[in-house]
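# Survey of secondary and tertiary structure
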Amino acid sequence: MTLPTSEPRLATVAVMGGSVAGLLAAAALAPHAGRVVVVERDRLASGPEPRAGTPQVTHAHGLLASGRAAMESLLPGLTDELRARGAVNRGDIGRSGRWWVGGGLLADCDLGLEGLALSRLLLEHQVRARVAALPQVELRADTEVASLRVESGRVTGVQLRGRDDDCREMVAADLVVDATGRPSRGPRWLAEHGWPRPRDERAAVGVRYATARVAARPGDLAARVVSVSAAVPEVPRGGVAIMQEDDTWIVMLFGYAEQQPPLDPDGFRAYARTLVSPDLAELLDSRPLLEPPRAYRFADCRRRRIEEAPLPEGFAMIGDTICSFDPTFGQGMTVAALQAVALRDVLGSGGSVPAYHARAVEIVDRAWVLVTGAVRQLPVLEASPRVPENLVARYVARAQRAARRDEKVARQLMRVMNLLDAPPSLMAPRIAWRVARAGSRSNPEGKAPRVA
Ligand SMILES: Cc1cc2nc3c(=O)[nH]c(=O)nc-3n(C[C@H](O)[C@H](O)[C@H](O)COP(=O)(O)OP(=O)(O)OC[C@H]3O[C@@H](n4cnc5c(N)ncnc54)[C@H](O)[C@@H]3O)c2cc1C
């Protein structure tokens, strides 16, 4: 049951941070609040432009199927608006990409969900335009949250600070949502008021990126809109190419264990030739780069264990504030969108913020298990030695091999990778017997990974 929109349960919500998670939280809560104030530190341009608070946005951002569906449910019509602005949609996500996972190319399959290829800049811009147009929402750009107001054991508002003026406004709120991302100061501020700080769990990955764009041509990669070459233990590096709304491909190469893909064009191309998939080299070898490759470093996945430490009433967390994942898995925006849907559904049906946090943690768990399970098989940093292959990892590797020819196994693997199903679903009897059956066969379509 949802509350009638004429009787908002919350008078005012303050959302700290106006990136993807903050905007989607505002969309989720607007139907249940009289007023939603989104506070963003950066100055916001009128178009899709990079800004200081989100340095990752000029790197490739893949949108998982469940993330697009969640955003669409929060902002109906968003997919069509993005398509109208050039985002590329070639039908089912299971047939519109080339997924080189576990050393081979997965079979095409139907997931029943559309894929959408576009830049992160366009996505955030359009989400922001939609959210800013909601009658309950007030977007305060160029303004930062300087502290939390805490009274009688609950958070009751945020103290604002303008960048160029003497703004010292206090916004009183029934609920404050922390969407300030990985470096969030929220837990530190709460600790100053006596609340225990959630434990930080880290998984070292030492991923280094290089990103550049090339012009797209008709028929590239058999008319697919994305190609992913995942890292495997023998080749601990990979890449992704995603078609963009301006008829370009954004190509991001990455290496684990601090292995930086070269930033000069020839070295960048040569690195692409060492990946499991030939797709990215094919795109890069045949045309000039549109700009010099840009670097990005991501040292570790970081998760705040909010389930272990009580949070005060009136305070919720979402997105990278709770957990930032190894970006090569393309999960961050989708996790934020799924959490925003949970926020809407739980609070909208009279549930509590702790009940929302329990759902948010479940969503994180699903993605975290995938990332840490895969990364532990890679030779990453000395500080986190490679975990020897165990039974589960051996089974997953067999499932990946089976998925090169078996559409049903490929579909289940894609559902897990797109956060639609939990990883144990890969071991359901209907999948397990297909994996076992395929295990004894050789696979002519799968390409054996080259040794690093
Ligand atoms: C290189 C790279 C590639 C990635 N690729 C993908 C991908 O392919 N697919 C995917 O789904 N995800 C990807 N991600 C993750 C994705 O970018 C994030 O998960 C996503 O941006 C959601 O983050 P967020 O909104 O929680 O935080 P952020 O995007 O970090 O935003 C936090 C916001 O809070 C603002 N802020 C901070 N402090 C304050 C304050 N005190 N007051 C007011 N405002 C404040 C900041 O200016 C910023 O706008 C990638 C990340 C990286 C680093």
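Every value quoted in this text rests on a predicted model; they were computed, and no experiment measured them. (Residues numbered from 1 in each chain as written. Predicted model: local features only at pLDDT ≥ 70, side-chain atom pairs only at ≥ 80, totals over all residues. Heavy atoms only, no water.)

Turning next to the overall build of the chain. Looking only at helices and strands, one finds twelve helices and 16 strands in the chain. Against the globule reference of 22 Å for 452 residues, the chain gives a C-alpha radius of gyration of 22 Å, in line with a compact fold. For the chain, the spread of C-alpha atoms along the three principal axes comes to 65 × 45 × 45 Å. Taking all 452 residues of the chain together, the buried fraction comes to 55%. Look at the contacts in the chain between residues 6 or more apart in sequence, and 73% of them connect residues 24 or more apart. Charge-centre separation for the chain: the mean point of 59 positive side chains lies 5 Å from the mean point of 52 negative side chains. (Helix = DSSP H or I, 4+ residues; strand = E, 2+ residues; numbered from the N terminus. Rg over C-alpha atoms; globule rule 2.2 N^0.38 Å. Buried < 20%, exposed > 50% of the residue type's maximum accessible area, 1.4 Å probe, protein only. Contact = heavy atoms within 4.5 Å. Lys, Arg positive; Asp, Glu negative; His and termini not counted. Charge placed at Lys NZ, Arg CZ, Asp CG, Glu CD.)

Below, the discussion takes up the pairing of strand β3 (residues 97-101). Counting buried residues along β3, five of its five residues qualify, which places the element largely inside the surrounding structure. What you see with β3 is no split at all: Gly97, Trp99 and Val101 on one side and Arg98 and Trp100 on the other are buried throughout. Examined bridge by bridge, β3 and strand β11 (residues 226-229) share four bridges and lie parallel to one another. Within the sheet, the bridge partner assigned to Gly97 lies in β11 and is Val226. Pairing between β3 and strand β4 (residues 104-105): two bridges, direction antiparallel. Counted as the bridge partner of Trp100 is Leu105 from β4. (Pairing = 2+ DSSP bridges.)

Next up on the list: the site of the ligand. Inspection of the region around the ligand gives 32 residues, with Ser19, Glu40, Gly62, Arg120 and Asp320 positioned closest. Measuring from an oxygen atom of the ligand, one finds a side-chain N or O atom of Ser19 at 2.7 Å. Contact distances for the ligand include 3.4 Å between a nitrogen atom and a backbone N or O atom of Ala60. Contact with the protein chains removes 95% of the 1,000 Å² of surface that the ligand exposes when unbound. Elements supplying a minimum of two residues to the shell around the ligand: α1 (20-29), β6 (143-151) and α8 (332-348). (Near = heavy atom within 4 Å. Polar contact = N/O pair within 3.5 Å; in protein donor to acceptor, adjacent residues only side chain to side chain. Areas by Shrake-Rupley, 256 points an atom, 1.4 Å probe, with all protein chains shown as cover.)

A few words now on the packing of aromatic side chains. Following the criterion strictly, the structure yields three aromatic pairs and no others. Here the aromatic rings of Phe254 and Tyr256 are separated by 6.0 Å at their centres, their planes lie at 90°, and the arrangement is edge-to-face. One aromatic cluster is present, formed by Tyr209, Phe254, Tyr256 and Tyr296 through successive ring pairs. A cation over an aromatic ring shows up here: Arg182 above the ring of Phe298, its NZ or CZ 4.8 Å from the ring centre. (Phe/Tyr/Trp six-rings, centres within 6.5 Å; stacked < 30°, edge-to-face > 60°. Lys NZ or Arg CZ within 6 Å of the ring centre and 35° of its normal.)

Moving on, we get to the sheet that holds β4. Here we have eight strands laid out as an open sheet, ordered β4-β3-β11-β12-β13-β10-β14-β16, and mixed in their pairing. Pairing within the sheet leaves two strands with one partner each, and these edge strands are β4 and β16 (323-324). The sheet contacts of helix α6 (residues 265-272) involve β10 (200-215), β12 (237-243) and β13 (248-255), and relative to β13 the element is tilted by about 75°. (Axes fitted to C-alpha atoms, helices over the stretch in contact; angles between N-to-C directions.)

With that settled, consider helix α10 (residues 391-402). End to end, α10 covers 16 Å across twelve residues, agreeing with the expected 16 Å (1.5 Å per residue, within 8%). Among the residues making up α10, those that are buried are Ala393, Tyr395, Ala397, Ala399, Gln400 and Ala402. (Expected span 1.5 Å × (residues − 1).)

Take the state of the cysteines next. In this structure the tally under the stated criterion is zero disulfides. There is no disulfide at Cys301, and the cysteine sulfur nearest it, in Cys323, is 7.1 Å away. Here Cys323 falls in the buried class, since its relative accessible area comes to 1%. (Disulfide = S-S within 2.5 Å.)

Along its sequence, the chain is organised into domain 1 (10-88 + 120-200 + 300-370), domain 2 (97-111 + 202-299) and domain 3 (391-439). Relative placement of domain 1 and domain 2: their C-alpha centres are 29 Å apart. Facing 24 residues of domain 1, the contacting portion of domain 2 comprises 22 residues. Of the roughly 1,900 Å² buried where domain 1 meets domain 2, counting both sides, 64% is carbon and sulfur surface. Sorting the residues of domain 1 by area buried against domain 2 places His59, Ala60 and Asp300 first, and these three jointly supply 32% of that buried surface. The interface formed by domain 1 and domain 2 includes two salt bridges. The salt bridge partner of Arg202 is Asp200, with a shortest N-O separation of 3.8 Å. Summed over the shared surface of domain 1 and domain 2, the result is six residue pairs in polar contact (both at pLDDT 80 or more). No other element matches the three residues that strand β14 (residues 294-304) contributes to the side of domain 1 that touches domain 2. Of the residues in the side of domain 1 that touches domain 2, the class split is ten nonpolar, eight polar and six charged. (Domains from an automatic or database assignment. Buried area = accessible area lost by both parts, 1.4 Å probe. Salt bridge = Lys/Arg side-chain N within 4 Å of Asp/Glu carboxyl O. Nonpolar A, V, L, I, M, F, W, Y, C, P; charged D, E, K, R; others polar.)

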